[in-house]
Amino acid sequence: MQYSQLGRTGATVSRLVLGTMNFGPHTAEEDAFAIMDRALDAGVTFFDTANGYGGTDRRGWTEEIIGRWLASRGRREEIVLATKVFGEMGPGRNDRGLSALNIRRAVDASLRRLQTDHIDLYQMHHVDRSAPWEEIWQAMDLLVAQGKISYVGSSNFAGWHLAQASEAARARHSLGPVSEQSLYNLLTRDIELEVLPAAEHYGLGVIAWSPLAGGRLGGRSEQGVRRGDVAPTAQLDRWEAFCAQRDLAPGQVALAWLLHRPGVLGPIIGPRTSDQLDSAIGAVDISLSEDDLAALDEIFPGPGGPAPEAYAW
């Protein structure tokens with residue numbers, strides 16, 4: 001396994017992040033336990049979830065599964081545990097967002113479901129344009145002081161939002177956000193224009209979600225079907241030929257490409273089975289040459305050159 005610092009902090013995390021969104025709705029609890037056992041034994045120490053995971057009718061279900069696993073295994077201190085706050089968790093008008101009121105309620109509820117006394121990385125799942133940054137950081141700083149969270153991260157923020165959040169925290173002499181979880185894969189490279197440069201400037205580790213682009217970068221099944229794609233495309237045909245020439249699984253190469261990207265802490269892997277987990281773990285052993293990376297840029301062009309100059313020329 002490869003390891004890195006969590007942004008500009010002194011904390012060390014695995015560069016593969018275990019995503020748990022499937023736990024509950026798509027992966028039975030017994031299988032989820034097996035995946036978490038296998039991941040930790042393989043050196044994956046960074047576990048990611050969210051308070052809303054579990055589905056519309058069972059929000060919090062995924063955190064509950066992780067909580068029961070933590071209680072049964074006694075390995076809490078071996079992992080860096082991340083969850084998120086923002087989504088609607090109840091019928092009340094204050095059961096969502098990033099108000100100080102909801103942050104206080106949400107963190108306590110997550111701690112109960114996770115059966116732990118602290119969350120290592122508490123992430124703002126989305127930008128809340130109605131909540132002032134002063135209010136958000138006051139609430140987050142209090143949670144740090146209380147020992148309920150260690151670090152704050154963001155998710156789905158634009159570069160402008162990262163700057164706003166970081167500067168507001170700096171004005172309070174707070175540590176501020178240390179990570180940004182963002183959509184990033186070979187097919188979707190928009191964040192290279194603004195988010196990656198902002199994250200690098202402020203010392204945030206970037207965590208990539210949907211690294212396989214909803215399955216489209218995972219290659220064809222034995223039946224010749226490409227998951228997540230309704231019809232073959234020339235671009236994906238070239239991609240699969242690139243992987244076949246190197247005798248590598250497409251899904252592993254897609255993950256390895258992200259591990260080679262500057263500023264990227266690592267991708268989130270969201271296995272539904274232990275076999276999928278084992279395949280994803282193999283990505284850390286893949287080394288892509290400069291020629292390989294150049295070939296991938298030809299197949300999947302980025303948004304337009306070195307950033308942010310590609311935009312702010």
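Residues numbered from 1 in each chain as written. Predicted model: local features only at pLDDT ≥ 70, side-chain atom pairs only at ≥ 80, totals over all residues. Heavy atoms only, no water.

Trainee: Any chance you could explain the sheet that holds strand 7 (residues 149-155) here in plain terms?
Mentor: Within a beta sheet, neighbouring strands are joined by backbone hydrogen bonds and run either parallel or antiparallel to one another. What the 8 strands build is a closed barrel, ordered 3-4-5-6-7-8-9-10; its pairing is parallel. Direction aside, the axes of adjacent strands within the sheet are offset by 30° on average. As paired strands, strand 7 and strand 8 (residues 177-183) are joined by 3 bridges and run parallel to one another. Within the sheet, the bridge partner assigned to Ser-155 lies in strand 8 and is Gln-181. (Pairing = 2+ DSSP bridges. Helix = DSSP H or I, 4+ residues; strand = E, 2+ residues; numbered from the N terminus. Axes fitted to C-alpha atoms, helices over the stretch in contact; angles between N-to-C directions.)

Trainee: What's the story with the pattern of salt bridges in this structure? I'm lost.
Mentor: Pairing is possible between side chains that carry opposite charge, provided their charged atoms lie close to one another. Throughout the structure, instances matching the rule amount to 16 salt bridges. The network of salt bridges with shared partners includes Arg-189, Glu-192, Arg-261 and Asp-297. (Salt bridge = Lys/Arg side-chain N within 4 Å of Asp/Glu carboxyl O.)

Trainee: Would you mind going over the confidence of the model for the protein chain with me for this structure?
Mentor: Any region with low pLDDT has predicted coordinates that should not be read closely. The predicted model of the protein chain averages 92 in pLDDT, with 95% of residues at 70 or higher. Summarising per-element confidence for the protein chain, the mean pLDDT is lowest in helix 9 (residues 274-281) (91) and highest in strand 6 (residues 119-124) (98). (pLDDT = per-residue confidence, 0-100.)

Trainee: Sorry, what's going on with the packing of aromatic side chains here?
Mentor: Note on aromatic pairs: each is described by the distance of the centres and the angle between the planes. A complete count under the given rule lists 6 aromatic pairs for this structure. Their ring planes at 25° and their centres at 6.5 Å tell us that Trp-133 and Trp-137 sit as a pair that is stacked. Of this pair, Trp-133 and Trp-137 are both found in helix 4 (residues 133-145), 4 residues apart, which corresponds to roughly one turn of the helix. When sorted by exposure, Trp-133 lands in the same class as Trp-137, which is buried. Three or more aromatic residues link up through ring pairs in this structure, and these residues are Trp-133, Trp-137 and Phe-157. The ring centre of Trp-61 lies 4.0 Å from the NZ or CZ of Arg-58, which sits over that ring. Between Arg-246 and the ring centre of Phe-242, over which it is positioned, the NZ or CZ distance is 3.7 Å. (Phe/Tyr/Trp six-rings, centres within 6.5 Å; stacked < 30°, edge-to-face > 60°. Buried < 20%, exposed > 50% of the residue type's maximum accessible area, 1.4 Å probe, protein only. Lys NZ or Arg CZ within 6 Å of the ring centre and 35° of its normal.)

Trainee: Is there a simple way to explain the pairing of strand 10 (residues 264-269) in this structure?
Mentor: Consecutive residues of a regular strand have side chains that alternate between opposite faces of the sheet. Here strand 10 lies mainly inside the structure; 6 of its 6 residues are buried. Relative to strand 10, strand 3 (residues 17-19) runs parallel, the two sharing 2 bridges. Paired with Leu-18 across the bridge in strand 10 is Ile-269. As paired strands, strand 9 (residues 205-209) and strand 10 are joined by 3 bridges and run parallel to one another. Each residue of the ladder has a partner; that of Val-206, found in strand 10, is Val-264.

Trainee: Would you mind showing me how to read helix 6 (residues 195-202) here?
Mentor: Count 3.6 residues to each turn of an α-helix, and residues three or four apart come out pointing the same way. Counted residue by residue, helix 6 has 6 buried out of 8 residues, so it is predominantly covered. Burial in helix 6 covers these residues: Val-195, Leu-196, Pro-197, Ala-198, Ala-199 and Tyr-202. Elements in contact with the buried residues of helix 6: helix 5 (159-171), strand 8, strand 9 and strand 10. Looking one or two residues beyond helix 6, the residue adopting positive phi is Gly-203, at roughly 75°. (Contact = heavy atoms within 4.5 Å.)

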